[in-house]
Amino acid sequence: MTEVVVDHAAGAAIPVHALLERETAAFLEGRAAFVKAFAELSDFRGKAGQLLVVPDTAGAVDRVLYGLGERAEAQGFRALAAKLPAGDYKIASAPSGLAPDEIALAFALGSYRFDRYKKKRETQPRLVVEGIDLARVRDIAHACALARDMVNTPPNDMGPLQIETIAREIAEQFGATITVTTGEGLLEANYPAVHAVGRAAVPERGPRMIEIQWGEAGKPLVALVGKGVVFDTGGLDIKPAAGMRLMKKDMGGAAHALALGRMIMAARLPVRLAVLVPAVENAISGDAMRPGDVLDSRKGLSIEVGNTDAEGRLILADALTRAGELEPALTLDLATLTGAARMALGPQLPPFYTDDEELAGQIEAAMNAVGDPMWRMPLWKGYVDSLDSDVADVKNDSDAWAQAGSITAALFLQKFAPSGPWAHFDIFAWNPRGRPGWPSGGEVQAIRALFRMIEARFG
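Residues numbered from 1 in each chain as written. Predicted model: local features only at pLDDT ≥ 70, side-chain atom pairs only at ≥ 80, totals over all residues. Heavy atoms only, no water.

**Examining the pattern of salt bridges**
Evaluated as defined, the whole model comprises 28 salt bridges. In this structure, aspartate 88 engages arginine 126 in a salt bridge whose closest nitrogen and oxygen atoms are separated by 2.8 Å. Taken together, the residues aspartate 88 in strand β5 (residues 88–93) and arginine 126 in strand β6 (residues 126–128) connect sequence positions 38 residues apart. Glutamate 164 is paired through a salt bridge with arginine 208; the nearest N and O atoms lie 2.6 Å apart. Here arginine 208 lies in strand β8 (residues 208–214) and glutamate 164 lies in helix α6 (residues 160–174), a separation of 44 residues in the sequence. Accessibility classification places glutamate 164 together with arginine 208 in one group, the buried group. One salt-bridge network, held together by shared partners, links Glu211, Arg298, Arg322 and Glu325. (Salt bridge = Lys/Arg side-chain N within 4 Å of Asp/Glu carboxyl O. Helix = DSSP H or I, 4+ residues; strand = E, 2+ residues; numbered from the N terminus. Buried < 20%, exposed > 50% of the residue type's maximum accessible area, 1.4 Å probe, protein only.)

This is the structure we're talking about:
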């Protein structure tokens, strides 16, 4: 990820003029004749993503014109970071109403590259910024890059142990406590569903329950729960090859929960924090759970396994139950849970679910403020019966008549969620189509808005 730097010799940085389409003609009228002629020759009209590098009379870069299109949105500066040649730049002008710190954060997000496995690494442009809280921008950008790195890392290098290692590093950095329960210890500690999903993996990739706690006693507790399936074969209900190809990203919920927790701790928000990550591999072996098995859960509800490929909600059931034991003031769970969410809303717009109207309003206000899109979906009670089992308290796959797979998954989780404010986020955590500022691969969704919401709610 490109570093956002403060350079007190700001005059050495190349100025960038960010322009709305409707303002471009007036802007050019006030420029030197050479600049206006060069823009006309290049057909620069301020359309979204247009970039014009204007040379001086000696042929060196004099300034840059960048089009924002019809709407002034800070996230539009993500594409700028991907299009600029290497060098130092400063935002010389931008539409009114755009916060400089949000522009800097967008530039940092758009500069992200995953090049861990490449010998050749490109030199990236840098943005010179002044007069903003740079530490805050860096902390958010760093957390987002961490989540994207975790999602992008291939499963041979991102198993349950690696997630635990990252969690321990975060806890140590911010003075948090961490407990990890592994293998057969999960049964002793009463995490039977986590154990059942992960027990088929080889011992060095064995299942574990990770719990980070941070903050001062007496503060309201925020519980973050993240699905950490490091690779999902589908289990005995095995996925086809095409469905398995991207299943390294099925730990995206864990990556998002850890990243959001890191943001909260770095900002020292006035809360107590619990980050709960069940980390497993849904592998296939003689010890794998079977369709038709009935599992115990931490809550005491028995769960019939209708489909071993609906494993994420099983491990989340135990983690959400643990969250409830901590009596949180707010619980948020994040999971790459269903293909049905993608069928409904596509890869760029993750759904979220909550019955708490105040919380829903706060999430929507935050997502609009920071340009982190989501869409609220209903916890439609008419589909609850589709989770009824003939032999257990509940089953993990809904009857076909209900059809709404993302909704029924959320309804399943609601049976285990703590009382009080709770929201579930069915994220995708991936860009299937690369474009400037949004390279193909791991993507962060929802947590910038959730950080803003938590800060406003408790700060």
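That covers the picture; the talk isn't over yet.
**Focus: the nonpolar core**
Residues Ile163, Ile264, Phe425 and Ile454 are the most contacted members of the largest nonpolar core, which totals 90 residues. Looking at this core element by element, the count peaks at ten residues for helix α5 (residues 134–152). Beyond its immediate sequence surroundings of up to four residues, isoleucine 454 is in contact with Val222, Leu260, Ile264, Leu269, Leu330, Leu332 and Gly459. Val194, Val305, Leu387 and Ile407 belong to the second-largest nonpolar core, a separate cluster that totals 39 residues. (Core = buried A, V, L, I, M, F, W, Y, C linked by side-chain atoms within 4.5 Å. Contact = heavy atoms within 4.5 Å.)

**Brief notes about the packing of aromatic side chains**
Here the structure, examined in full by the defined rule, presents six aromatic pairs. For the ring pair phenylalanine 34 and phenylalanine 38, a centre distance of 6.1 Å and an interplane angle of 25 degrees mean the geometry is stacked. Here phenylalanine 34 pairs with phenylalanine 38, and both are found in helix α2 (residues 33–41), just four residues apart, close to one helical turn. Relative to tryptophan 401, the ring of tyrosine 383 has its centre 6.4 Å away and its plane inclined at 65 degrees; by these criteria the two rings are edge-to-face. Note that tyrosine 383 is positioned in the loop between β16 (375–376) and β17 (394–395) and tryptophan 401 in the loop between β17 and α14 (405–414), a separation of 18 residues in sequence. (Phe/Tyr/Trp six-rings, centres within 6.5 Å; stacked < 30°, edge-to-face > 60°.)

**Regarding helix α11 (residues 312–325)**
The end-to-end C-alpha distance of α11, which contains 14 residues, comes to 20 Å, matching closely the 20 Å that a straight helix rising 1.5 Å per residue would cover. When you tally the buried positions in α11, you get twelve out of 14 residues, the bulk of the element. Every buried residue of α11 is listed here: Gly312, Arg313, Leu314, Ile315, Leu316, Ala317, Asp318, Ala319, Leu320, Thr321, Arg322 and Ala323. Following α11 by one or two positions, glutamate 327 adopts a phi angle in the positive range, close to 55 degrees. (Expected span 1.5 Å × (residues − 1).)

**Considering the environment of isoleucine 315**
Here isoleucine 315 shows up in helix α11. Overall, the relative accessible area of 0% leaves isoleucine 315 in the buried class. A sequence separation of 117 residues divides isoleucine 315 from glycine 198, and the C-alpha atoms of the two residues are 9.0 Å apart. Sequence-distant contacts of isoleucine 315, defined by excluding residues within four places in its chain, comprise Ala193, Val194, Val197, Lys227, Gly228, Val229, Pro278 and Val280.

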